[in-house]
Amino acid sequence: MKLSDFRGDEAYQVIADLMDPVAEITTDEALANMRKSATRLKTAQYIIRTHKQSINTILAILDRKNPETYELNRAQLLIKVLELLNDRELLRLFQ
């Protein structure tokens, strides 16, 4: 699910819930440097390896699931992280 899919009060709640995990990822200086030259696949790989809890929380929130019990298999995880990196609205909101 994309950030633009949320409307009204739910959109406010989702944005508020996303702030902490997104801030944890976006303040990673190594990631900021990597995003300038790395492919999306390498960027996704780095995020998955170094920000497991935050990315799990973000994906759970966007899928309207509980982050405490949310689980994906490896293929779903990569696909969803790549989708996040293509969600212009989400990226623009937290840059």
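Fair warning: this is a prediction, and the values are worked out from it, not measured in the lab.

A.B. asks: How should a positive patch on the surface be read in this particular structure?
C.D. replies: Residues K2, R35, R40, R88 and R92 make up a contiguous surface patch of positive charge. Position of R88 relative to the elements: it lies in helix α6 (residues 88-93).

A.B. asks: So what exactly am I meant to see when it comes to the packing of helix α1 (residues 8-26) against helix α4 (residues 52-62) here?
C.D. replies: A pair of packed helices is characterised by two quantities: the angle between their axes and the separation of those axes. Running from N to C, α1 and α4 cross one another at 160°; their axes reach a closest spacing of 9 Å. In terms of orientation, α1 and α4 fall into the roughly antiparallel class. Crossing of α1 against α4: the hand is left-handed. Across from V14, D17, L18, P21, V22, E24 and I25 in α1, the residues of α4 making contact are S54, I55, T57, I58, I61 and L62. A per-class count over the contact of α1 with α4 returns nine nonpolar, two polar and two charged.

A.B. asks: What should I look at first to understand the pattern of salt bridges in this one?
C.D. replies: Should the charged atoms of two oppositely charged side chains come close, the side chains can pair. According to the stated counting rule, one finds two salt bridges in the structure shown. A salt bridge links D63 to K80, with the shortest nitrogen-to-oxygen separation between them at 3.1 Å. Of the two residues, D63 sits in the loop between α4 and α5 (74-86) while K80 sits in helix α5, which places them 17 residues apart along the sequence. A relative accessible area of 19% places K80 in the buried class.

Cut-off values and rules
- Residues numbered from 1 in each chain as written.
- Predicted model: local features only at pLDDT ≥ 70, side-chain atom pairs only at ≥ 80, totals over all residues.
- Heavy atoms only, no water.
- Patch = residues over 30% accessible without salt bridge, like charges linked within 9 Å, V, L, I, M, F, W, Y side chains within 5 Å.
- Areas by Shrake-Rupley, 256 points an atom, 1.4 Å probe, with all protein chains shown as cover.
- Salt bridge = Lys/Arg side-chain N within 4 Å of Asp/Glu carboxyl O.
- Lys, Arg positive; Asp, Glu negative; His and termini not counted.
- Charge placed at Lys NZ, Arg CZ, Asp CG, Glu CD.
- Helix = DSSP H or I, 4+ residues; strand = E, 2+ residues; numbered from the N terminus.
- Axes fitted to C-alpha atoms, helices over the stretch in contact; angles between N-to-C directions.
- Parallel < 35°, antiparallel > 145°, perpendicular 65-115°, else oblique.
- Left-handed = near helix turned anticlockwise from the far one by under 90°.
- Contact = heavy atoms within 4.5 Å.
- Nonpolar A, V, L, I, M, F, W, Y, C, P; charged D, E, K, R; others polar.
- Buried < 20%, exposed > 50% of the residue type's maximum accessible area, 1.4 Å probe, protein only.

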